[in-house]
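Breakdown of the fold
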Amino acid sequence: MYDLIMGNKQGVGHSVPTSPIKITSLFINALFDINLNFSSRETFSFRDGGTERLKDHVTHADLQLAFILFRCCNTYGYLELTNRKAIYRRLELEFEVPISEGQFYVAIEKFIAHQLIQTEKSADGDTRYRLNYFMNTKKNTIGHYVLFHPFVFSKAFHELTLAEKKLIISAYTQTSGSSHKVITRNLKQKFGSFKHVQFSGLLLFLHKTQRSHVSSLLDNLKSIVVPVSHMTRTHLFECSELQKATIGYKAVLKFNPEFLISVKKEDPTSYFKPIDACAIFTKFYAFLKREADAYGVGDVLADREIANRLVKSLRFSSKRLIRYGLHELKSYVKTKGSIPRNPEFFIKDQITERFNDLLSDVLTKTAAHEFVRFPETKEEDVKERYFSFSYAAAKSKLGVKKLRARLTEVVDDLSNRYPIKAWEKADYGAPPESYPYQELASYINLDYVKEQAVSQKVDPFYYADLEYNASIAIRNKDPKHVEEWIIGEISRLPKSPGQRALPYNFRLEKYIFSDIIS
C-alpha cells in the first residue's frame, strides 16, 4: 500500500517501487546527538589535505546515509560486506536527488567517528559494518522502530531546508505511526537540561535564534503536499503552528493520518534489503554461473542465498580450483542423483582439499616448510601455522605455477638474508637430563643416533617422532633392531641445513603475500 513508484533510478529505469524505510528511534536519537558539541566547531577532513568539515553537525548527507544504511543492513543491523561503492550505488537508486559520492564518504567517516557504525570481523573473516543503536540487547530483538514514508527519498523532501527535514524526522519518530498523537515542542527547554539534542528546545535543535524563524518554518510545513498512493496526494500535516504556552511558545504538530504508517502490524524483518555478494561481485558471479552451467550444475545457483554464500566463499579461489570443485559436484550429482544439502560446503571442501594437496607438493619442491612453520615446534602449533599459510595462499589467488615461482624466489632470498646456525646434538630429541632420554639410552646408543642425525642435517622437528616411536618399540622389540631401524629412518627424514636467525615475529604469509591480500 505504501510502496510508490518514484522518479528515482529504480522507478524510472526499472519500474521498481520504493518501500517505506524502517529505522530505530535509538539511532535517530544518536544521529541528532551528533550536534551535542556543535558549538565547539571542531572540524575533520576525510583525507589528508582535504576540505575541513564540521564534525559535530548533522547535514543533508547524514540524513540520506542514515536511511540507506538501514535499507542495506540485515535484520541484525549488519552490513555484511563493507563495500562503500555498492552502498552508494544503492543510495543512487533510491533517492530522487542523491548526494554526491564525496559527501557520502565524508558522512561515513563522521558516522564512524561518532560510533553510529563500526567495523568488525564476521565469522568467515570478512570485514562488515555494524549499526549501533539497532538491537535491544536485553531482548536480542530490533529496538523500537518507526516506518518512514517513501517521501523521504523524494526530490520534494530533498529541497526542504535542513531544519525542516530534522523537525519532520524528529516529530515523525515521536509520533511512531499513531494517527491520534499530537506533538508539542517548546522553543526552549524549561529546565535547561535534556537527554537528547532533539528534545533540547526547537531553537537549539534547529539552530534558530528567533521565534519568528520557527514560526516561518512551521508555516512552510503546512504547504507540503506528499503522495500517499500512486493516485493520491495530500498535505503532510493537519496542524503545524506556533501556540502560546504556559511559559513562552510551543510548536504544535499533527501529521495527516493518511501519511502515517503504523508499525503494530508490520513484520519487524520487512523492508531490509541487504546488498548481497552477487550484486557486488558481479563479474565473479557471472563467471561462477557460466562455469556451473557448463558443468551441468547450474541449479546450485538458483537459490540466491546459496549463490551469495558461494560467491563470498569462492571469490578468493583460483579459477582452476573452482572448476575442479564444480567437476566434483557434477560427479556427486551423477552418483547420488541430487545436489548435496549444503552445496557451498561441499564445493569449498573439495577445493580446500585439492589446494592443500597441491600446496604441500609445492612446499616440498621449494623447501619452504622450514619457513612456513616458523617459529613453532609443537605439532598443534605447527598445524595452525600451516593452516594460516594455506588460507593466505588461497586468498592470494595465485596459480600453482606462480605460487611455486614466488616461493622459490622467496626461499632463495631468505636463505641469503638470514644466517644459519648449524644443528647441534642438543637440538635433537629429548635432553640428556630427561627421563625419556635416559630410558631410551639404557637400551640403544642414543648419542650415536643423534650424531648420525647431525651429520645428515636432518630437520630436528621430524626427528622427534623417531625417538618417541623407538621408546614404544623398545618394550617389545630387540634393542639392536630398534637402533638399526631408527638409523635407517634418519636418512629418509627431510633435511634442513640448520636453524635460521629469523625474527621471532616472522610469518611467511605476511612476507610473501602482503602486497596481494593487504
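Details of the structure are given in the entry above.
Keep in mind that what you see is a predicted model, and the values were worked out from it rather than measured. (Residues numbered from 1 in each chain as written. Predicted model: local features only at pLDDT ≥ 70, side-chain atom pairs only at ≥ 80, totals over all residues. Heavy atoms only, no water.)

**Thoughts on a positive patch on the surface**
- Among the surface-exposed residues, R320, R354, K401 and R404 lie close enough to one another that they form a single positively charged patch.
- Given the relative accessible area of 57%, R320 is considered exposed. (Patch = residues over 30% accessible without salt bridge, like charges linked within 9 Å, V, L, I, M, F, W, Y side chains within 5 Å. Areas by Shrake-Rupley, 256 points an atom, 1.4 Å probe, with all protein chains shown as cover. Salt bridge = Lys/Arg side-chain N within 4 Å of Asp/Glu carboxyl O. Lys, Arg positive; Asp, Glu negative; His and termini not counted. Charge placed at Lys NZ, Arg CZ, Asp CG, Glu CD. Buried < 20%, exposed > 50% of the residue type's maximum accessible area, 1.4 Å probe, protein only.)

**A word on the state of the cysteines**
- Taken as a whole and assessed by the stated rule, the structure comprises zero disulfides.
- There is no disulfide at C72, and the cysteine sulfur nearest it, in C73, is 8.0 Å away. (Disulfide = S-S within 2.5 Å.)

**Some details on the pattern of salt bridges**
- Under the defined criterion, the tally for this structure stands at 25 salt bridges.
- Between D219 and K222 there is a salt bridge whose closest N-O contact spans 3.7 Å. Residue D219 and its partner K222 are both found in helix α9 (residues 211–222); the two are separated by three residues, about one turn of the helix.
- You can call D219 partly exposed: its relative accessible area is 41%. (Helix = DSSP H or I, 4+ residues; strand = E, 2+ residues; numbered from the N terminus.)

**A closer look at the packing of aromatic side chains**
- Under the criterion given, the structure shown has 24 aromatic pairs.
- Each ring, one from F27 and one from F111, has its centre 6.2 Å from the other, and the planes form 55°; the classification is tilted. In this pair, F27 is assigned in helix α2 (residues 25–32) and F111 in helix α5 (residues 101–113), connecting sequence segments 84 residues apart.
- Residue classification places F111 among the buried positions, given a relative accessible area of 0%.
- Geometrically, the ring pair formed by F134 and F272 is tilted, given 5.8 Å between the ring centres and 50° between the ring planes. You can see F134 sitting in the loop between β6 (127–131) and β7 (135–136) and its partner F272 sitting in the loop between β14 (249–255) and α10 (277–280), a full 138 residues away along the chain. For the pair shown, F134 and F272 are each scored as buried. (Phe/Tyr/Trp six-rings, centres within 6.5 Å; stacked < 30°, edge-to-face > 60°.)

**A few points about the pairing of strand β9 (residues 145–148)**
- Side chains Y145 and L147 project from β9 onto one buried face, and the interleaved V146 and F148 project onto a second face that is buried too.
- As paired strands, strand β1 (residues 21–24) and β9 are joined by four bridges and run antiparallel to one another. Looking at β9, one finds that T24 is bridged to Y145. (Pairing = 2+ DSSP bridges.)

**What about the nonpolar core?**
- One finds F111 and F389 to be the most contacted residues of the largest nonpolar core, which totals 132 residues.
- A per-element tally of this core places helix α3 (residues 60–72) first, with nine residues.
- Apart from residues no more than four positions distant in its own chain, F389 is found in contact with L359, L363, V372, L407, L508, E509, I512 and F513.
- One finds L440, L446, V458 and V482 within the second-largest nonpolar core, a separate group that totals 18 residues. (Core = buried A, V, L, I, M, F, W, Y, C linked by side-chain atoms within 4.5 Å. Contact = heavy atoms within 4.5 Å.)

**Focus on the environment of M6**
- Note on placement: M6 falls in the segment before α1 (9–14).
- Note on M6: relative accessible area 11%, which makes it buried.
- Sequence-wise, M6 and F95 are 89 residues apart; in three dimensions their C-alpha atoms are separated by 8.9 Å.
- Aside from chain neighbours lying at most four places away, what touches M6 is G11, V12, T18, E96, P150, F153 and S154.

**Let's talk about helix α13 (residues 319–336)**
- Over its 18 residues, α13 runs 25 Å from end to end, which matches the ideal 26 Å to within 8%, given 1.5 Å per residue.
- Those residues of α13 that sit buried are L321, I322, G325, L326 and L329. When α13 is viewed along its axis, its buried side chains cluster within an angular range of 140° and face the same direction. Among the exposed residues of α13, those oriented more than 90 degrees off its buried face are R320, K334 and T335.
- Lining the buried residues of α13 we find α11 (282–294), α12 (304–314) and α14 (343–366). (Expected span 1.5 Å × (residues − 1). Arc of directions from axis to C-beta.)

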